[in-house]
Amino acid sequence: MKPILAPVAAITLLGATAAMAEPVVYDFDPSHSQVVFEYNHMGFSTSTGIINGITGKLTLDAENPANSSVEATIPLSGLRTVSEELDKHLFGPDFFNTDASGAVATFKSTNVAPDDDDEAKVTGDLTLNGVTKQVVLDVDLNLLAAHPMTGKQAVGFDAETEIRRSEFNLGKFAPAVEDEVEIKITVEAVKAE
């Protein structure tokens with residue numbers, strides 16, 4: 001339901017690479033970048049879904065991490081839940097009311113606030129279902145190193161946030177189906193050529 005992901009902007013927290021003088025741009029690897037969301041279904045279960053294929057760019061400024069930024073596109077065509085019937089329902093009149101093949105969500109960072117050497121709060125604009133709202137991602141840097149398979153410089157991070165479906169005109173059946181959706185994002189990105 002709630003792809004944020006965006007989101008993914010959060011990786012901007014790197015104070016760990018002070019050796020790099022110039023900001024470095026990374027391209028997301030869509031095969032290893034995804035959004036996972038979960039919500040309570042009528043008190044009976046915690047339902048989950050996944051959105052694969054996130055694309056985007058991350059600019060890391062190691063000398064001044066607050067100048068880092070991220071932009072991400074989350075293809076809703078990559079959305080999968082526990083059943084095909086629910087997947088179809090999500091794109092019907094009760095929720096997105098559109099063809100999944102062209103639907104996307106986007107995230108663009110507006111502020112990066114490093115918390116620690118490997119953590120940051122990344123604030124940005126999430127656009128979902130035609131609505132743009134500010135969200136804050138809690139981001140953890142996983143690794144910044146040469147990729148063991150390609151030798152190229154790569155970075156990986158995890159981020160978390162929470163949104164309300166109703167704020168994006170997706171609030172049908174709330175509160176029976178929980179309005180709050182927890183979102184977890186993981187991104188792997190490779191230095192742009």
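Keep in mind that what you see is a predicted model, and the values were worked out from it rather than measured. (Residues numbered from 1 in each chain as written. Predicted model: local features only at pLDDT ≥ 70, side-chain atom pairs only at ≥ 80, totals over all residues. Heavy atoms only, no water.)

Visitor: Residue-level account of the overall build of the protein chain, with values.
Guide: Secondary structure summary: the protein chain contains one helix and 11 strands in total. Order of helices (α) and strands (β) in the protein chain, N terminus to C terminus: β-β-β-β-β-β-α-β-β-β-β-β. Counting across all 193 residues of the protein chain, residues that qualify as buried make up 44%. Considering only contacts within the protein chain whose residues lie at least 6 apart along the sequence, 64% involve residues at least 24 apart. (Helix = DSSP H or I, 4+ residues; strand = E, 2+ residues; numbered from the N terminus. Buried < 20%, exposed > 50% of the residue type's maximum accessible area, 1.4 Å probe, protein only. Contact = heavy atoms within 4.5 Å.)

Visitor: Kindly report on the pattern of salt bridges, identifying the contributing residues and their values.
Guide: Using the criterion set out here, one finds seven salt bridges in the structure. For Asp27, the salt bridge goes to Lys57, with nearest N and O atoms at 2.4 Å. One end of the pair, Asp27, is in strand S1 (residues 24-28); the other, Lys57, is in strand S4 (residues 55-60), with 30 residues separating them in the sequence. Look at Lys57 and you get partly exposed, because its relative accessible area is 45%. Salt-bridge contacts for Glu193 lead to Lys152; the nearest nitrogen and oxygen are separated by 2.8 Å. Within this pair, whereas Glu193 is found in the segment after strand S11 (180-191), its partner Lys152 is found in the loop between strand S9 (131-146) and strand S10 (153-164), the two being separated by 41 residues in sequence. Note on Glu193: relative accessible area 84%, which makes it exposed. Through salt bridges with shared partners, a single network forms among Arg164, Asp179 and Glu180. (Salt bridge = Lys/Arg side-chain N within 4 Å of Asp/Glu carboxyl O.)

Visitor: Outline the pairing of strand S2 (residues 34-41), listing residues and values.
Guide: Pairing of S2 with strand S3 (residues 45-52), which is carried by eight bridges, proceeds in the antiparallel orientation. Each residue of the ladder has a partner; that of Glu38, found in S3, is Thr48. Counting the residues between successive antiparallel strands, the hairpin from S2 to S3 contains three residues, one of them, Met42, with a positive phi of roughly 60 degrees. Pairing between S2 and S11: five bridges, direction antiparallel. Bridging from a neighbouring strand, Val36 pairs with Lys184 of S11. (Pairing = 2+ DSSP bridges.)

Visitor: Help me get a handle on a negative patch on the surface, residues and values and all.
Guide: On the surface, a cluster of negative charge is contributed by Asp115, Asp116, Asp117, Asp118, Glu119, Asp140, Asp158, Glu160, Glu162 and Glu182. Contributing elements (two or more residues each) for the negative patch: strand S7 (104-116) and S10. Residue contributions to the negative patch peak at three residues, all from S10. Overall, the relative accessible area of 45% leaves Asp116 in the partly exposed class. (Patch = residues over 30% accessible without salt bridge, like charges linked within 9 Å, V, L, I, M, F, W, Y side chains within 5 Å. Areas by Shrake-Rupley, 256 points an atom, 1.4 Å probe, with all protein chains shown as cover. Lys, Arg positive; Asp, Glu negative; His and termini not counted. Charge placed at Lys NZ, Arg CZ, Asp CG, Glu CD.)

Visitor: Outline the pairing of S1, listing residues and values.
Guide: Residue alternation in S1 divides its side chains into a buried set, Val24, Tyr26 and Phe28, and an unburied set, Val25 and Asp27. Two strands pair when backbone bridges link them, and S1 and S4 are joined in this way by four bridges, in the antiparallel orientation. Among the inter-strand pairings, Val24 is bridged to a residue of S4, identified as Leu60. In this structure, S1 lies alongside S11, joined through three bridges in antiparallel fashion. Bridge pairing links Tyr26 to Lys191 in S11.

Visitor: Give a detailed account of the packing of aromatic side chains, specifying residues and quantitative values.
Guide: A full pass over the atoms with the stated rule returns two aromatic pairs. Between Phe91 and Phe96, the aromatic rings sit 5.1 Å apart at their centres with planes inclined by 20 degrees, giving stacked as the arrangement. Among the residues examined, Phe91 registers a relative accessible area of 12% and is labelled buried. The positively charged end of Lys172 is found above the aromatic ring belonging to Phe173, 5.5 Å away from the centroid. (Phe/Tyr/Trp six-rings, centres within 6.5 Å; stacked < 30°, edge-to-face > 60°. Lys NZ or Arg CZ within 6 Å of the ring centre and 35° of its normal.)

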